[in-house]
Amino acid sequence: MEAAHIEPGAVFRFPHDDRPNRVLFRDSDVVMYDAWWPHLKAWGLADLAAIKRQRISYYVTAVSTVIEKATHLRTAPLTADELTVHRPDLPFAAVQDVAMTWSSGDAGRVTDATAELSASGVYLLPFGPGGGTKAGVRVAADNGKAFAVGELFRKAQAVQARHLGDVLPGAGVGIYRSGLQRGLPAYYLWGAVSRLHDHLAAHGR
């Protein structure tokens, strides 16, 4: 599959699975997507009213994996309502900083991040002492429109503080897109390397 085809609405198939997949989101080297459910004869996330009541995790893989293994089938552009819900304009990594820690005091020192996160509210999913993901916590932007980087990190620290243990997810801090919760963008908290990239590195990819 050509890199130029990997955009929201692109429908593709992996060789090991007959079901088609549909790109919801691409940012840098990351693709998040939905899958076709044959028993429903619909995309898994097609019922927008239903997914707004749930916590949804997108399927995620690397752009390089799609280019190497997938076949492009067609394009099914996201509707206006789908764009409003899935927000493909938001970044995968809202914050990444190898020098900071989840207990660092100065949120203004966060360096490797987007200028702001253009959402009025998001859910933040902290990690537990054993590394698992805990329940999401809704946070709102102070100005009601977008989070400044330091503001988002400060609020993420407050969410994570209740669950800090002796085991940390590698060096640094990171805030990464996971999916949706109650119709809002959901981001999980982790180290400076995302779970996806941790997995790829562990498998030599």
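Let me begin by describing the structure that accompanies this report.

Scoring rules and cut-offs
Residues numbered from 1 in each chain as written. Predicted model: local features only at pLDDT ≥ 70, side-chain atom pairs only at ≥ 80, totals over all residues. Heavy atoms only, no water. Salt bridge = Lys/Arg side-chain N within 4 Å of Asp/Glu carboxyl O. Helix = DSSP H or I, 4+ residues; strand = E, 2+ residues; numbered from the N terminus. Buried < 20%, exposed > 50% of the residue type's maximum accessible area, 1.4 Å probe, protein only. Core = buried A, V, L, I, M, F, W, Y, C linked by side-chain atoms within 4.5 Å. Contact = heavy atoms within 4.5 Å. Phe/Tyr/Trp six-rings, centres within 6.5 Å; stacked < 30°, edge-to-face > 60°.

Within the structure shown, the criterion is met by 6 salt bridges. The salt bridge partner of Glu82 is Arg22, with a shortest N-O separation of 3.0 Å. One end of the pair, Glu82, is in helix α3 (residues 80-86); the other, Arg22, is in strand β2 (residues 21-27), and 60 residues separate them in sequence. Relative accessible area serves as the criterion here: at 11%, Glu82 is assigned to the buried category. One salt bridge connects Arg87 with Asp89, and the closest N-O pair in it is separated by 2.7 Å. Accessibility expressed as a relative area gives 19% for Arg87, which makes it buried.

Residues Leu124, Leu152 and Ile175 are the most contacted members of the largest nonpolar core, which totals 47 residues. Counting residues per element, this core draws most heavily on strand β15 (residues 184-190), which supplies 6 residues. Those residues in contact with Leu124 that lie beyond four places of it in its chain are Ala135, Gly136, Val137, Val139, Leu152, Lys155, Ala156, Val159, Ile175, Tyr187 and Leu189.

We now examine the packing of aromatic side chains. Considering all chains together, one arrives at 10 aromatic pairs under this definition. Geometrically, the ring pair formed by Phe12 and Phe14 is edge-to-face, given 5.2 Å between the ring centres and 85° between the ring planes. Using a relative accessible area of 0% as the deciding quantity, one classes Phe12 as buried. Seen from their ring centres, Tyr33 and Tyr59 are 5.4 Å apart, and the 20° between their planes marks the pair as stacked. With Tyr33 in strand β3 (residues 30-37) and Tyr59 in strand β6 (residues 59-62), the pair connects residues that are 26 residues apart, well separated along the chain. Classification of Tyr33 as buried rests on a relative accessible area of 11%.

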